[in-house]
There are 2 protein chains.
Amino acid sequence: MDTDMSTENSNYFSSYEDLEVHRLMLEDDARTATYRKAILDNKSYFRGKIVMDVGCGTGILSIFCAQAGAKKVYAIEASNIANLAKEIVKANNFDNIIEVIHSKVEDVKLPDNLKVDAIISEWMGFYLLHEGMLDSVLTARDMFLKEGGEIFPESAIIYVAPCSVPSLYDKWENSYGVNLSSFARHLRSDKSSKPEIMQINHEDLLGPEIALNWINLRDDAVNDLDSYSVQHVLGANRSGRYQGLCVWFECNFPVLDGEERIILNTSPSSKLTHWKQTVILLPEEQKVEKQEPIAFKLDMNRDGVSSRRYNLELTLLDPEEVEHPMPCSCHMTKCILVKAVMEQHTEHTISQLQAGDSDVLQEDSIDDDDN
Amino acid sequence: MDTDMSTENSNYFSSYEDLEVHRLMLEDDARTATYRKAILDNKSYFRGKIVMDVGCGTGILSIFCAQAGAKKVYAIEASNIANLAKEIVKANNFDNIIEVIHSKVEDVKLPDNLKVDAIISEWMGFYLLHEGMLDSVLTARDMFLKEGGEIFPESAIIYVAPCSVPSLYDKWENSYGVNLSSFARHLRSDKSSKPEIMQINHEDLLGPEIALNWINLRDDAVNDLDSYSVQHVLGANRSGRYQGLCVWFECNFPVLDGEERIILNTSPSSKLTHWKQTVILLPEEQKVEKQEPIAFKLDMNRDGVSSRRYNLELTLLDPEEVEHPMPCSCHMTKCILVKAVMEQHTEHTISQLQAGDSDVLQEDSIDDDDN
């Protein structure tokens, strides 16, 4: 088991020696520019601070921290890219501030058991948790972060929403005058066994997203990351072809100077990142009408053998047999009734707030409008 | 050696079982639409013909041939995608015309030693010859093509031209306010050991292209493909940074109905294909002035061990020590003189043709213009 684990780690770290991977990350503008903004917009926070960069790669985030005024940055990197990080740090004249440590963070020892003011890390993989690097960030937090220290980012959320996947369904019936439907069917079948990394357009979502989890990097333990599950019913926001579940994430940076929160968002309506979106394809598409209920359960569990991987399991549920949220946007009679009652109640309350004593009149007139 | 060869073949063919590769090819519009046009614009040729499709993949080219009126198409495919080709052919109702044969073409036996009227194949790899599939097409020609039969495409040319590679050089000195020059230097160094597949823009070429070879699919033997070499001097068409040699290819389809020749062109000024362009990076960039001579030798040799691979070797030459073409666009004195004399001679001849007896007057006035 130990041997397996070290082989796994050695494969994982050697993949980061491929500079093309780092180029892809550096050139991902949403990623790099958002981290830069989250750091450089908070100069008053970073000034004089001691920071640790977990998995520093080329060292660019450490350099942002030094530019923001950090007095010391420990840039930890387990792969051989650490040597290049040292060169880059030196070329930027920050070798007096940034100390690149070529080591797994778990093996790092800081002088005099020093603690750091802040941890920064870009640890996110496909569908957030693929690669399992967050484990190391949480371990670094427990080992090195001062009480009340900051983590950049400090929280992360995985969202899911039902979607169409036109690139795998449309056009194939007549592609250059040839019916390639059977090709597309086999292509989908190949892709249905594991999550597919691809771009989904906002207009291909069939309903509002729901959060699968909310990861609090300040408090969560490593084993809190082992398993997530959500069961949900929603009404389709338009008629369409339900072909998959779209998965994406966002990461929230700390709000320090009373500024607006900076968020790295990989949703279909945000600027495309190298993470794109992840799609779990349905075995077969389902036509849905507007407001038709869509019910599913999604389980995300850490793989038993390879702890850097997760298994995603989508279960399609019968909307008749599961509990609906309140209110629910679907067209089932009980949901329409519940929604109407709740809306009436809300409007009633709003009317009371707006109109003071004349609430009865207001309520009547709103009822008239509704009919 | 045989074992190696069969392992190599087995890896090669199994890579074509990945449907994503076929999707990439099908969705390459320049590729698929050009083949389609080369076939469907020649219905009067294809009507009633017997065709062989070498390496048919999904079978789309065979279907184009059937649509164009071929009476029989033998669609040969060594990988397991042959089973899918059968499905696709049936779904398009051409199973009475197209016979998918799951075999290497070298092992195929047609009934009664039948010969075919035409061979069609999409065999091109990166920088044309990578993958070495053309060998099988030439073998199929020798085994199955009638005397005077047609080959689609019938010829192919590899072009090379000196170029800048801005994506590997520019912007890295100040990327998000960080000097990443050393990253870019290592990135280039990683890429200099083998040809890099990437897009080069037309405006990044530094001079006119020269042909490395001209492959005649009607006549060339398999061992004609073993080795190509070109030595060349050209004058830079602008000042700039000479950073690599750009390699691309074009394939020419037969001209049958007196129509314009259809060409599949993968040059930097053509629509981008999945082959993109290939770049051989120089170890170090060289600044060149407009008309400065650039001299090089390019050798392309089949690999001794893996016959599906080629080694590309670029040698930079001293323009002072090599013979220049006549005329040459470079600024060296002898080339300017030779060019002026040749132009004068050409103009003299044109003047004679245009002006009949008054050539002396014409020549004088042209000389005046030149001074």
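Remember, it's a predicted structure, so these values are computed and weren't measured experimentally. (Residues numbered from 1 in each chain as written. Chains lettered and ligands numbered in written order. Predicted model: local features only at pLDDT ≥ 70, side-chain atom pairs only at ≥ 80, totals over all residues. Heavy atoms only, no water.)

**Student:** Teacher, can you tell me more about the overall build of chain A here?
**Tutor:** For chain A, the helix and strand inventory stands at eleven helices and 14 strands. The burial tally for chain A puts 51% of its 371 residues in the buried class. Summarising the internal contacts of chain A: among those between residues at least 6 apart in sequence, 74% fall at separations of at least 24. On chain A, roughly 17,300 Å² of surface is accessible, and the fraction owed to carbon and sulfur atoms is 47%. (Helix = DSSP H or I, 4+ residues; strand = E, 2+ residues; numbered from the N terminus. Buried < 20%, exposed > 50% of the residue type's maximum accessible area, 1.4 Å probe, protein only. Contact = heavy atoms within 4.5 Å. Areas by Shrake-Rupley, 256 points an atom, 1.4 Å probe, with all protein chains shown as cover.)

**Student:** Help me out: how do you make sense of the environment of A:Glu285 in this one?
**Tutor:** Residue and element names in this part refer to chain A. Tracing the sequence through the fold places Glu 285 in strand β12 (residues 277–288). With 247 residues separating them in the primary sequence, Glu 285 and Ala 38 have C-alpha atoms 41 Å apart. With residues near it in sequence (within four places) discarded, Glu 285 still touches Tyr 169, Arg 241, Tyr 242 and Gln 243. At 2.8 Å, the side chain of Glu 285 and the side chain of Arg 241 are in polar contact. A polar contact is formed between the side chain of Glu 285 and the side chain of Gln 243, at a distance of 2.8 Å. (Polar contact = N/O pair within 3.5 Å; in protein donor to acceptor, adjacent residues only side chain to side chain.)

**Student:** Honestly, the interface of chain A and chain B in this entry has me stumped. Any pointers?
**Tutor:** Much of the literature gives interface size as the accessible area that the parts lose upon coming together. With 38 residues of chain A at the contact, the number on the chain B side is 38 residues. Interface area for chain A against chain B, summed over the two sides, is near 3,100 Å², with a carbon-plus-sulfur share of 60%. Counting every contact that joins chain A to chain B gives six salt bridges. One salt bridge connects B:Arg185 with A:Glu87, and the closest N-O pair in it is separated by 3.4 Å. Where chain A packs against chain B, one counts 16 residue pairs in polar contact (both at pLDDT 80 or more). The leading source of residues in the side of chain A that touches chain B is helix α9 (residues 181–191) of chain A, at seven residues. Partitioning the side of chain A that touches chain B into residue classes produces 16 nonpolar, eleven polar and eleven charged. (Buried area = accessible area lost by both parts, 1.4 Å probe. Salt bridge = Lys/Arg side-chain N within 4 Å of Asp/Glu carboxyl O. Nonpolar A, V, L, I, M, F, W, Y, C, P; charged D, E, K, R; others polar.)

**Student:** How do you make sense of the domain arrangement of chain A when you look at a structure like this?
**Tutor:** All names here are of chain A. According to the domain assignment, chain A contains domain 1 (1–122) and domain 2 (154–320). A straight line from the C-alpha centre of domain 1 to that of domain 2 covers 30 Å. With 21 residues of domain 1 in contact, the opposing surface of domain 2 contributes 16 residues. Around 1,600 Å² of area is buried between domain 1 and domain 2 when both sides are counted, 62% of it from carbon and sulfur atoms. (Domains from an automatic or database assignment.)

**Student:** Can you help me understand α9(A) in this one?
**Tutor:** Given 3.6 residues to a turn, an α-helix orients residues that are three or four positions apart in the same direction. Taken as a whole, α9(A) has its buried residues at A:Ser182, A:Phe183, A:Ala184, A:Leu187, A:Arg188 and A:Lys191. Buried residues belonging to α9(A) abut α8 (166–169), β7 (196–198) and β12 of chain A together with α2 (19–26) and α6 (81–91) of chain B.

**Student:** So what exactly am I meant to see when it comes to the packing of helix α3 (residues 29–40) of chain B against helix α5 (residues 60–67) of chain B here?
**Tutor:** Two quantities define a packed helix pair, namely the angle between the axes and the distance from one axis to the other. Residue and element names in this part refer to chain B. The geometry of α3 relative to α5 is characterised by a closest axis approach of 9 Å and an angle of 25 degrees between their N-to-C directions. The pairing of α3 with α5 is recorded here as roughly parallel in orientation. α5 is crossed by α3, and the crossing has right-handed handedness. Here Thr 32, Tyr 35, Arg 36, Ile 39 and Leu 40 of α3 come into contact with α5, specifically with Ile 60, Leu 61, Phe 64, Cys 65 and Gln 67. Among the residues making up the contact of α3 with α5, the classes are represented as seven nonpolar, two polar and one charged. (Axes fitted to C-alpha atoms, helices over the stretch in contact; angles between N-to-C directions. Parallel < 35°, antiparallel > 145°, perpendicular 65-115°, else oblique. Left-handed = near helix turned anticlockwise from the far one by under 90°.)

**Student:** I keep staring at the relation of the copies chain A and chain B and nothing clicks. Help me out?
**Tutor:** Two copies of the chain are present, and they differ by a rotation about an axis and a shift along that axis. Mapping chain A onto chain B calls for a rotation angle of 180 degrees and an axial translation of 0.0 Å; the resulting RMSD is 0.0 Å. Expressed as a symmetry operation, the mapping of one chain copy onto the other fits a two-fold axis. Nearest to the rotation axis, the C-alpha of A:His274 is located 9.9 Å from it, this being the minimum over chain A. A share of 100% of interface residues in chain A that are also interface residues in chain B marks the association as one of identical surfaces. (Least-squares fit on C-alpha atoms with pLDDT ≥ 70 in both.)

**Student:** So what exactly am I meant to see when it comes to helix α3 (residues 29–40) of chain A here?
**Tutor:** All names here are of chain A. Between its first and last C-alpha, α3 extends 16 Å over twelve residues, near the 16 Å set by a 1.5 Å rise per residue. Of all the positions in α3, only Ala 30, Arg 31, Thr 32, Thr 34, Tyr 35, Ala 38, Ile 39 and Leu 40 are classed as buried. On its buried face, α3 sits against α2 (19–26), α4 (43–46), α5 (60–67), β4 (116–120), β5 (145–152) and β11 (263–265). Where α3 begins, the capping side chain belongs to Asp 28, and its oxygen is found 3.3 Å from the backbone nitrogen of Ala 30. (Expected span 1.5 Å × (residues − 1).)

**Student:** Can you walk me through the packing of aromatic side chains in this structure?
**Tutor:** Describing an aromatic ring pair means giving the distance of the ring centres and the angle of the ring planes. All names here are of chain A. If you walk through the whole model with that rule in mind, you get 14 aromatic pairs over all chains. Measuring from centroid to centroid gives 5.3 Å for Trp 172 and Phe 183, while their planes differ by 50 degrees, and the two rings are tilted. In this pair, Trp 172 sits in the loop between α8 and α9 while Phe 183 sits in helix α9, placing the two residues eleven residues apart along the sequence. Its relative accessible area of 1% is what places Trp 172 among the buried residues. Taking the relative accessible area as the measure of exposure, Phe 183 reaches 0% and is therefore buried. A network of ring pairs unites the aromatic residues Tyr 45, Phe 46 and Phe 152 as a single cluster. Sitting over the ring of Tyr 169, Arg 188 keeps its end group 3.9 Å from the ring centre. (Phe/Tyr/Trp six-rings, centres within 6.5 Å; stacked < 30°, edge-to-face > 60°. Lys NZ or Arg CZ within 6 Å of the ring centre and 35° of its normal.)

**Student:** What is the right way to look at the sheet that holds β4(A) in this model?
**Tutor:** In any sheet, the strands associate via hydrogen bonds between backbone groups, in a parallel or an antiparallel arrangement. Residues and elements named next belong to chain A. Spatial ordering of the open sheet is given by β3-β2-β1-β4-β5, a layout of five strands whose pairing is parallel. The open sheet is flanked by β3 (98–102) and β5, the only strands paired with a single partner. Across this sheet, the average inter-strand angle for adjacent strands is 25 degrees, counted without regard to direction. Sheet analysis places strand β1 (residues 50–54) next to strand β2 (residues 72–77), joined by five bridges and oriented parallel. Counterpart to Asp 53 in the pairing with β2 is Ala 75. The strands that α5 touches are β1, β2, β3 and β4; relative to β2, the one it contacts most, it runs at about 175 degrees. (Pairing = 2+ DSSP bridges.)

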